[in-house]
Amino acid sequence: MRDGFIKAAAGTPKIRVADCRYNAEQIFTLMREADRQGVKVLALPELCLTGYTCGDLFLQDTLLRGAEEGLATVLEATKNLDMIAAVGLPVRDKWDNKLYNCAAVIQRGKILGLVPKTYLPNYGEFYEQRWFASGAELEHSIQLCGQSVDVQPNQLFACDTMPNLVIGVEICEDLWAPAPPSVELARKGATVILNLSASNELAGKAVYRRSLVAGQSARLMCGYVYADAGEGESTTDVVFTGHNMVAENGVILAERRFAAGLTVSEIDVDRLVYDRRRTNTFTFGKEPPEVWRHSFTLPVAETRLTRYFSPTPFVPEDQGSRSERCNEILCVAALGLKKRLEHTGAKTAVVGLSGGLDSTLAVLITAVAMQMLNRPATDIIAVTMPCFGTTDRTKSNAVQLAERLGCTLKRIDIGEAVRRHFQDIGQSMDNHDVTFENGQARERTQVLMDIANQTGGLVIGTGDLSELALGWCTYNGDHMSMYAVNAGIPKTLVRHLVSFVSDDKEAEDPQLSVVLTDILDTPVSPELLPAIEGKIAQKTEDLVGPYELHDFFLYYAIRWGFGPRKVLRLAEQAMGRRYDRETLLKWLKNFYRRFFSQQFKRSCLPDGPKVGSVTLSPRGDWRMPSDAVAALWMAELEELQ
């Protein structure tokens, strides 16, 4: 429960049609197993106490009494369990003598509420309207198992020890309806929706069902637990396979078919509430009807995480998805640059080519933009500017890359200009401080800007999202450009984009692929300190930390607003086998320190296309004062130490 995680499950017990005693035993046995696994929220199938396929037996008092007695058995057998569970059964309302298909929400031997099904199918093999009435208009109490219980569709069940855990319930066909009850429940605060279902299996139906569950969880920014009827239902005309799912905001966290038992994962309700808070359209529109809100208590405890967290959240791990994403990002970034070149009437695009990853990606995107404009690659002016730290390897790669792409290449050694500048300001060549480094970066930017003026062009920025997060750029040096094509692309994704182009061009231009492969193998470096025996002396990741860690921190701290404790916990879950806690904490501290202290650089960034879910543009998703203090975040980090 800590950090917003609640362990939720969809369960399918093995049942016998109309054998309520047997079914009750199977249900409470499954509930006890869920409790052993740490489950705190459990959804069970529609009408599981009787079986969904009872047909006209639903109208008989014997079955209805059996269902109530079965529920009483479950309540007694689970009265010591903290878990909140939703159990399906038929309920007779003595007020109107109608029968309702209900979910009984139970905990510790108490029925917290009865939620009736709203939309009843009456087509194909489903004839629920023959036996049940819609519960859309119900709003009163009934006696069930010796308890007075509220029965109405608009009910929420809120945890008083975990404020962001608010549960709503709908039943099977309710999800298929044009206006599912879950929409109004979510607008009134439900963060987790339980669906008690009995959906038969047909060829191809599972894909459709999965898309419904994932789509509804995305639309409502909620957790969605879908429990389906399975083994034991009548096979007279249809078959049920127990297709259970746990979803969160469009992602299926866990899924199971063709087997009884539990499907378990952890839903992050704090993450859901954060996304709703930042997306204020979530509450717009006509006010939903009032809901009845019931409270329940769960003891605060650590939730053992079993769900998967990718160590590279910006990069799809599946090869096919990654290739598709890379192609899409290249097109989006190139379209942005295409528009800027068209709008300004720029005759050239000027790129500083260092032989490193970022400038390589920038020139590749620029080449795509020129193709979109049906303009020759010679309109790209690639400028290589060797200085004190430039190695033969990076210089050679920069030249070969420009030549393979067909760019206009300019070689300008800035060493003499920098030395003259250092003489003017009294900077010793032996003093390799920040002035020594930044003087070179600003000289390079001046050269690029002047060439752009000479040729009627625009300077294309090369800095990436990860560098902007850490402030790893020289203010008014590589920090500045006229259009920053890499500004929304994190370093881990930069590498995959360059690799994608290398693989894509291997057959067409093997020499280009060879150059790109060598660039990928070159250590990340600004090359601002003199080389040692011809090799790079300054490796960025030795100084600021591994970019794979910083990109992970960036994703969860900025995209999802998680605090340091939770970010560290997820980092341990995702990368604990490669980095120990001390190392993770060291670089997490560095991330927060640099992120806060370097905001002034991000407050005056040039335009650049947003291509993913995180951007640090001061005109886009990230508005932060340059003087914000990191004290609260650093204090939390110190506590973690």
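Conventions and cut-offs
- Residues numbered from 1 in each chain as written.
- Predicted model: local features only at pLDDT ≥ 70, side-chain atom pairs only at ≥ 80, totals over all residues.
- Heavy atoms only, no water.
- Helix = DSSP H or I, 4+ residues; strand = E, 2+ residues; numbered from the N terminus.
- Buried < 20%, exposed > 50% of the residue type's maximum accessible area, 1.4 Å probe, protein only.
- Contact = heavy atoms within 4.5 Å.
- Areas by Shrake-Rupley, 256 points an atom, 1.4 Å probe, with all protein chains shown as cover.
- Pairing = 2+ DSSP bridges.
- Axes fitted to C-alpha atoms, helices over the stretch in contact; angles between N-to-C directions.
- Expected span 1.5 Å × (residues − 1).
- Arc of directions from axis to C-beta.
- Core = buried A, V, L, I, M, F, W, Y, C linked by side-chain atoms within 4.5 Å.
- Salt bridge = Lys/Arg side-chain N within 4 Å of Asp/Glu carboxyl O.

Asks: For this particular structure, what's the right way to read the overall build of the protein?
Replies: If you tally the helices and strands in the protein, you get 20 helices and 22 strands. Overall size of the protein, expressed as C-alpha extent along the three principal axes, is 100 × 50 × 45 Å. Considering the protein as a whole, with its 641 residues, one finds that 58% of them fall into the buried category. In the protein, the share of contacts with a sequence separation of at least 24, taken over all contacts with a separation of at least 6, comes to 74%. A total of about 26,900 Å² of accessible surface is found on the protein, and carbon and sulfur atoms cover 48% of it.

Asks: Sorry if this is basic, but what is going on with the sheet that holds strand β21 (residues 457-461) here?
Replies: Strand pairing in a sheet takes place through backbone hydrogen bonds and is either antiparallel or parallel in direction. The strand order across the open sheet built from 5 strands is β20-β19-β18-β21-β22, with neighbouring strands paired in parallel fashion. A strand with exactly one partner marks an edge of an open sheet, and here the two such strands are β20 (408-411) and β22 (483-484). For strand β18 (residues 348-352) and β21, the ladder comprises 3 bridges, and the chain directions are parallel. Counterpart to V350 in the pairing with β21 is V459. Running over the sheet, helix α9 (residues 392-405) touches β19 (380-384) and β20 and is turned about 160° from β20. Sheet contacts for helix α11 (residues 434-455): β18, β19, β20 and β21; angle to β18, the most-contacted strand, approximately 165°.

Asks: Which parts of the structure should I look at to understand helix α14 (residues 510-521)?
Replies: Residues lying three or four places apart along an α-helix face the same way, a consequence of the helix completing one turn every 3.6 residues. The first and last C-alpha atoms of α14 sit 17 Å apart over 12 residues, in line with the 16 Å expected at 1.5 Å per residue. All of the buried residues in α14 are L512, S513, V515, L516, I519 and L520. Here the buried residues of α14 occupy an arc of 160° about the axis, which is enough to place them on one side. Facing away from the buried surface of α14 by more than 90 degrees, the exposed residues are Q511, V514 and D521. In this structure, the buried residues of α14 make contact with α8 (357-372), α9 and α13 (491-505).

Asks: What exactly am I supposed to notice about the nonpolar core here?
Replies: Nonpolar side chains in soluble globular proteins tend to be buried together. In terms of nonpolar packing, the biggest core is built from 94 residues, with L554 and F595 touching the most fellow members. Ignoring any residue separated from it by four or fewer positions in sequence, one finds F595 in contact with A469, L554, I558, R602, L616, W622 and M624. Formed by 34 residues, the second largest nonpolar core is a distinct cluster that contains A24, C48, L71 and I142.

Asks: Would you explain the pattern of salt bridges in this entry?
Replies: Side-chain pairing between opposite charges can occur once the charged atoms of the two side chains come close. Throughout the structure, instances matching the rule amount to 39 salt bridges. E33 is paired through a salt bridge with R36; the nearest N and O atoms lie 2.9 Å apart. Taken together, the positions of E33 and R36, both in helix α1 (residues 20-36) and 3 residues apart, correspond to about one turn of that helix. A residue is classified by how much of its surface remains accessible, and E33, at 28% relative accessible area, is partly exposed. In this structure, K491 and E467 form a salt bridge, with 3.2 Å as the shortest nitrogen-oxygen distance. Here the residue K491 occupies a position in helix α13, and E467 occupies one in helix α12 (residues 465-470), the gap between them amounting to 24 residues. Looking at K491, the relative accessible area reads 6%, which means it is buried. In the salt-bridge network here, residues are joined through shared partners; they are R2, D3, E302, R565 and R569.

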